[in-house]
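# Architecture at a glance
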2 protein chains.
Amino acid sequence: MAALSAFRKEAQEPLSNVIAVDIGGTRFRVGLFDEGGKRVRVSEDATNRSGGRPWMLAQMEREFRTFQAESGEPIRACGISFGGPVDFAGQQVTSIVAPGWENFPLSSWVKETLGVPCLLDNDANAGALGEYRFGTGRGCESIFYVALSTGIGGGFVCEGKVIRGKDTLAGELGHLPMADSGPRCDCGARGCLEAFSSGSAIGKMAREWGERRTDVMPRMVELSGGAVERVTAREVALAAAEGDPIASRIFRDAARWLGRGLLTVIRIVNPDKIVLGGGVSQAGKLLLDPIHDVLDERKSAALPATTEIVIAELGNYSALYGAVALALDAR
Amino acid sequence: MAALSAFRKEAQEPLSNVIAVDIGGTRFRVGLFDEGGKRVRVSEDATNRSGGRPWMLAQMEREFRTFQAESGEPIRACGISFGGPVDFAGQQVTSIVAPGWENFPLSSWVKETLGVPCLLDNDANAGALGEYRFGTGRGCESIFYVALSTGIGGGFVCEGKVIRGKDTLAGELGHLPMADSGPRCDCGARGCLEAFSSGSAIGKMAREWGERRTDVMPRMVELSGGAVERVTAREVALAAAEGDPIASRIFRDAARWLGRGLLTVIRIVNPDKIVLGGGVSQAGKLLLDPIHDVLDERKSAALPATTEIVIAELGNYSALYGAVALALDAR
C-alpha cells in the first residue's frame with residue numbers, strides 16, 4: 001500500500017523541463033530538455049566575442065524567456081557549460097581571457113534573473129559528464145573525456161562524479177609535460193601536449209612548413225583559399241584525408257603525441273573509455289589510427305590495458321548534454 | 001535513554017585485534033594491530049625468495065598462531081599487502097614473477113586456514129591506503145602514493161577509495177611513457193619512467209658510468225666495497241649526499257624525470273598530496289629538490305597547482321598500515 005501511494009504521488013507531480021546552455025568561444029547553444037534528458041528544442045548561434053559578457057547574458061535571458069513561453073511544462077533548473085576556467089565550488093567563471101567574465105558569479109545571476117537554480121562547470125568537465133550520462137559513457141564506471149579543439153582540455157568522471165582535484169585542475173591534459181624542450185605553449189612552458197596536438201598547433205605546424213616551402217603543400221593552400229597564412233587544422237585534416245603527404249605527416253605526428261598523452265591517462269587512471277570530443281576529433285580515423293599505433297607499440301603482457309579510445313557519441317553536443325546533467329543535478 | 005543503552009552495549013562488546021601482512025620481495029612483515037589501527041606488535045624478517053609460496057605461507061601461519069596465542073583479544077580479520085600484481089576483485093595474486101603465486105587465491109587461503117576474513121591488495125595500493133588513513137594523507141580528499149624502489153608503482157586514493165580502473169592498472173606510474181626513445185624498460189617498451197627514475201635505473205646508470213671511467217667515481221666504488229658492479233642506488237644516494245659530482249648528476253637526472261612524471265599526475269588528477277614512499281624515497285631532499293625545480297620551471301599563473309610533494313610519513317610501513325586498513329575493511 002505504501003509503495004502504491006508513493007507511485008501515485010509521483011505520477012501526479014507535474015512534469016517539468018530544464019534549460020541547458022553551452023557558452024563557447026565561437027558558438028553558443030541554449031536548449032530545452034525534459035527531465036529524462038530528451039531534447040525538446042535547441043537554438044544555436046555564433047558567439048559575438050566583442051560583445052563580451054553583456055551580449056552573452058542578454059542572449060541567454062532572451063532564449064530563456066522564449067523557451068519559458070514555448071515550454072508546455074514549468075522550467076525547473078538551468079545547467080551551464082562555460083568554455084574556460086570555472087571555479088565550481090564558488091560557481092563562478094574565472095576566465096581571465098574572455099572580456100568581463102573574470103570572477104563573475106554566473107549561477108547566482110541565473111538564479112536572480114531567471115528564478116531557477118543553476119549549476120555551472122567548464123566545458124571539458126561538462127563534456128565528460130554529458131558523454132558519461134547520455135553518450136558513449138553510459139554504463140561505464142569511469143571515462144576520461146578529451147576536448148580537442150583550439151586547445152586541449154579534459155575531464156575525468158568516475159562512478160558518476162567529476163573528479164576536480166585540489167585546484168579544480170584535474171583533467172588538464174593540454175598541459176601534460178610531454179618533453180623538456182619542444183614548441184612553446186601558451187602557458188609559457190615548453191613541450192606541453194597542447195603545443196603538439198591541439199588544433200592551433202596543427203595549423204601552426206602547417207603554416208610553418210608553408211612559409212618555407214609552399215610548393216610541397218599546394219592542396220592545403222588551395223583548400224584555404226590560396227593563402228598559406230589561412231591554413232588551419234581543418235585544411236590539414238581535409239588534405240590528409242585525401243592522402244596529401246605533408247598534411248598526413250603533420251596530422252600523424254600530432255596524433256602520435258596525443259597517443260602518448262592518452263597512454264599516460266591510461267597508466268594513471270585506467271578508465272573504461274577515453275572519449276575524444278571537440279572539433280579536431282571529427283578527423284576520426286586520421287586521429288585514431290596513429291593513437292592505436294602508439295598504444296600497440298608500447299603494449300606489454302604485464303600491462304593488459306583494455307581502455308577503449310572512441311570518438312564522442314554526442315559530437316558537438318557533449319558539453320550541452322553535460323549542461324543538461326548539471327541542470328538535473330541543480331534541481 | 002536509547003543513546004545511553006547503545007553506548008553500554010558497545011562498551012560491553014569485546015575488543016578485538018587484526019593482523020596485517022606485508023609481503024615484499026626482500027622483506028616481509030606481520031603485525032598485530034588494535035581496531036584503532038594502533039600497533040600492538042610487529043615481526044619482520046628477510047624474504048626467502050627461493051622458498052617461494054610454501055615458505056611464505058608457513059611463515060604467515062606461524063606468525064598468525066603466535067599472535068593469536070599472545071593477543072589478549074580475539075583476532076577478527078586479516079589484511080595483506082602483496083609486492084606484485086593482484087586481482088583485487090578476485091582476491092588473488094596474479095604475479096607471474098614470484099614462484100608459485102600466479103592466480104593464488106590468498107584471501108580464501110587465509111579464511112580457510114586461519115578462520116578470519118581477509119582482504120588483499122598490491123603494495124602500491126596498500127601504501128596509498130596506509131598513508132591516506134594513518135599517515136600524511138589523513139584529512140586529505142585525495143592522495144597519489146608513489147612506491148619508489150627497485151621499480152616504480154603507484155596508488156591513487158580519492159575520497160577514501162582506491163581508484164583501481166578497468167584493468168586494475170590505475171596508478172601504474174612506472175610505465176608512464178616519458179619519451180619515444182630512451183632506455184629500455186622491463187615491460188619491453190622504451191622510455192618508461194621506471195627506466196629513468198627507479199632504484200634499478202639509478203644503479204644501472206652509475207654502473208654504466210663506472211664501466212667506462214671508474215676513476216671519476218671513486219666514492220661510489222668505495223661505498224660498494226670496491227666493486228663497480230656492486231654499485232646500487234643506495235651508493236649513488238650516499239655519494240650524492242656527500243657532494244660527489246657524478247653521483248649528484250645521476251640522482252638529479254633521475255629525480256627530474258620523476259618530477260615530470262609527478263607533474264603529469266598533478267595535471268590528470270590534481271591530488272591534495274603526492275606521497276613518495278619506498279626505499280629510494282629515503283633520499284629525501286636529494287629527490288625533492290630536483291622535483292621542485294621541474295615544477296617551478298613549468299609553473300604558470302593559469303595553472304596554479306598547489307599539490308604538495310612529501311615523503312611518506314610511515315616510512316617503510318606505509319604498505320603494512322595499508323594492510324591494517326584492508327583488515328579493518330574486511331571485518
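Residues numbered from 1 in each chain as written. Chains lettered and ligands numbered in written order. Predicted model: local features only at pLDDT ≥ 70, side-chain atom pairs only at ≥ 80, totals over all residues.

### What about the overall build of chain A?
Let me state the cut-off plainly: Helix numbering and strand numbering both begin at the N terminus, where a helix is a DSSP run of H or I of at least 4 residues and a strand a DSSP run of E of at least 2. It is over C-alpha atoms that the radius of gyration is taken, and the globule rule equals 2.2 Å times the number of residues to the power 0.38. Exposure classes come from backbone-placed C-beta atoms, where a residue is buried if 20 or more other C-beta atoms lie within 10 Å of its own, exposed if 12 or fewer do, and partly exposed in between.
When its secondary structure is counted, chain A shows 11 helices and 12 strands. Its C-alpha atoms give chain A a radius of gyration of 21 Å, near enough to 20 Å, the size a compact globule of 331 residues would have. Each principal axis of the C-alpha atoms in chain A carries an extent, and together these give about 75 × 50 × 35 Å. Across the 331 residues in chain A, those meeting the buried criterion constitute 52%.

### Considering the interface of chain A and chain B
Interfaces are frequently sized by the accessible area removed from exposure as the parts join. Rules: The contact criterion used here is simple: two residues whose C-beta atoms, placed from the backbone, lie within 7 Å are in contact. Residue classes follow a fixed rule: Ala, Val, Leu, Ile, Met, Phe, Trp, Tyr, Cys and Pro count as nonpolar, while Asp, Glu, Lys and Arg count as charged, and any other residue, Gly among them, counts as polar.
Every contact between the two is made by 34 residues of chain A and, on the other side, 34 residues of chain B. When residues of the side of chain A that touches chain B are assigned to their parent elements, the largest contribution, seven residues, is made by helix α9 (residues 245-269) of chain A. Its residues placed into classes, the side of chain A that touches chain B shows 18 nonpolar, nine polar and seven charged.

### With respect to the sheet that holds strand β8 (residues 142-148) of chain A
Keep this limit in mind: In this description, strands pair whenever DSSP reports at least two bridges between them.
With mixed pairing, five strands are arranged side by side in an open sheet as β10-β9-β8-β11-β12 (chain A). Two strands bound the open sheet, and with one partner strand each, they are β10 (161-162) and β12 (308-311) of chain A.

### A closer look at the relation of the copies chain A and chain B
Two copies of a chain can be linked by a rotation about an axis combined with a shift along that same axis. Using the following cut-off: Here the copies are matched by least squares. The fit uses the C-alpha atoms of residues with pLDDT of at least 70 in both.
Mapping chain A onto chain B leaves a residual RMSD of 0.0 Å; the transformation is a rotation of 180° accompanied by 0.0 Å of translation along its axis. Taken together, the rotation angle and the small translation identify this as a two-fold axis. Taken together, the interface assignments show that 100% of the residues at the interface of chain A recur at the interface of chain B, consistent with an identical surface on both copies.

### Quick look at the domain arrangement of chain A
All names here are of chain A. The cut-off we apply is this: A domain assignment, automatic or from a database, supplies the domain bounds used here.
Domain boundaries in chain A define domain 1 (2-130 + 318-330) and domain 2 (139-313). On a C-alpha basis, the centroid separation for the pair domain 1 and domain 2 is 28 Å. Taken together, the nine residues of domain 1 in the interface contact 14 residues of domain 2. Broken down by element, the side of domain 1 that touches domain 2 gets its largest block of residues, six residues, from helix α4 (residues 123-134). Among the residues making up the side of domain 1 that touches domain 2, the classes are represented as four nonpolar, three polar and two charged.

### Concerning helix α10 (residues 285-297) of chain B
Every α-helical turn comprises 3.6 residues, leaving residues that sit three or four positions apart pointing alike. All names here are of chain B. Heads up, the condition is: Here a helix's expected span is defined as the number of its residues, less one, multiplied by 1.5 Å. Relevant arc is that of directions from the helix axis to the C-beta atoms, nothing else.
Here α10 spans 18 Å end to end across 13 residues, near enough to the 18 Å set by a 1.5 Å rise per residue. Within α10, the full set of buried residues consists of Leu 286, Leu 287, Pro 290, Ile 291 and Val 294. Seen end-on, α10 carries its buried residues on one side only, within an arc spanning 120°. More than 90 degrees from the buried face of α10, the exposed residues found are Lys 285 and Asp 296. Check the buried side of α10 and you find it contacts α8 (233-241), α9 (245-269), β11 (273-277) and β12 (308-311).

### As for the packing of helix α4 (residues 123-134) of chain B against helix α11 (residues 318-330) of chain B
Residues and elements named next belong to chain B. Stated precisely, the cut-off is as follows: The angle between two axes is taken between their N-to-C directions and runs from 0 to 180 degrees, where each axis is a line fitted to C-alpha atoms and a helix contributes only its stretch in contact. With respect to orientation, any angle under 35 degrees is reported as roughly parallel, any angle over 145 as roughly antiparallel, any angle of 65 to 115 as roughly perpendicular, and every other angle as oblique.
Their axes nearest at 6 Å, the elements α4 and α11 cross at an angle of 80°. As judged from the angle between their axes, α4 and α11 are roughly perpendicular. Contacts between α4 and α11 involve Asp 123, Ala 126, Gly 127, Ala 128, Leu 129, Gly 130, Glu 131, Arg 133 and Phe 134 from the former and Ser 318, Ala 319, Leu 320, Tyr 321, Gly 322, Ala 323, Ala 325 and Leu 326 from the latter.

### Examining the nonpolar core
To be explicit about the condition: Throughout this description, the term nonpolar core refers to a group of buried Ala, Val, Leu, Ile, Met, Phe, Trp, Tyr and Cys residues whose C-beta atoms join them within 7 Å.
Ranked by internal contacts, the top residues of the largest apolar core, which has 211 residues, are Val236(A), Phe251(A), Ala327(A), Cys78(B), Val236(B), Phe251(B) and Ala327(B). Apart from residues no more than four positions distant in its own chain, Ala327(A) is found in contact with Val18(A), Ile19(A), Ala20(A), Ala77(A), Cys78(A), Gly79(A) and Leu119(A).

### Comments concerning the packing of helix α6 (residues 199-212) of chain A against α9(A)
Residues and elements named next belong to chain A. Operational definition: Left-handed is the label given to a crossing in which the near helix is rotated counterclockwise from the far helix by less than a right angle, and right-handed is the label when the rotation is clockwise.
Running from N to C, α6 and α9 cross one another at 140°; their axes reach a closest spacing of 10 Å. For the crossing formed where α6 meets α9, the hand is right-handed. Only Ile 246, Ile 250, Phe 251 and Ala 254 of α9 make contact with α6, whose side of the interface consists of Ala 201, Ile 202, Met 205, Ala 206 and Trp 209. Per-class residue counts for the contact of α6 with α9 are nine nonpolar, no polar and no charged.

### Topic: α8(B)
Among the residues making up α8(B), those that are buried are Ala233(B), Glu235(B), Val236(B), Ala237(B), Ala239(B) and Ala240(B). Looking one or two residues beyond α8(B), the residue adopting positive phi is Gly243(B), at roughly 95°.

### Quick look at the pairing of strand β8 (residues 142-148) of chain B
All names here are of chain B. Within β8, seven of the seven residues are buried, leaving the element largely enclosed by the surrounding structure. Across the two faces of β8 the burial is the same, with Ser 142, Phe 144, Val 146 and Leu 148 and Ile 143, Tyr 145 and Ala 147 all buried. Relative to strand β9 (residues 152-158), β8 runs antiparallel, the two sharing seven bridges. Considered in β9, the bridge of Val 146 is made with Gly 154. The antiparallel pairing of β8 with β9 creates a hairpin that spans three residues between the two strands. Relative to β11, β8 runs parallel, the two being bridged by five bridges. Looking at β11, one finds that Val 146 is bridged to Leu 276.

### Let's talk about the sheet that holds strand β4 (residues 75-82) of chain A
Residue and element names in this part refer to chain A. Pairing within the open sheet is mixed, and its five strands lie in the order β3-β2-β1-β4-β7. In this open sheet, the two edge strands, each paired with only one partner strand, are β3 (39-46) and β7 (118-122). Strand after strand, the sheet turns through a mean of 15° between neighbouring axes, direction not considered. The sheet contact formed by β4 and β7 spans five bridges and is parallel. The partner of Ile 80 across the bridge, within β7, is Leu 120. Packed onto the sheet, helix α3 (residues 106-114) meets β4 and β7 and runs at close to 150° relative to β7.

### Here's the deal with unusual backbone geometry
Even without being a glycine, Asn103(A) presents a positive backbone phi close to 55°. Locating Asn103(A) in the fold gives a position in the loop between β6 (92-93) and α3. Notably, Thr168(B) is not glycine yet its phi reads approximately 50°, a positive angle. Within the secondary structure, Thr168(B) sits in the loop between β10 (161-162) and α5 (194-197).

### What about the confidence of the model for chain A?
All names here are of chain A. Where we set the bar: Here pLDDT means the predictor's own confidence in every residue, given as a number from 0 to 100.
For chain A, per-residue confidence averages 92 on the pLDDT scale, and 95% of positions sit at 70 or higher. Low pLDDT, under 50, characterises residues 1-12; the predicted model gives this stretch zero contacts beyond four residues in sequence or across chains. Predicted as a complex, the structure gets a pTM of 0.92 and an ipTM equal to 0.91.

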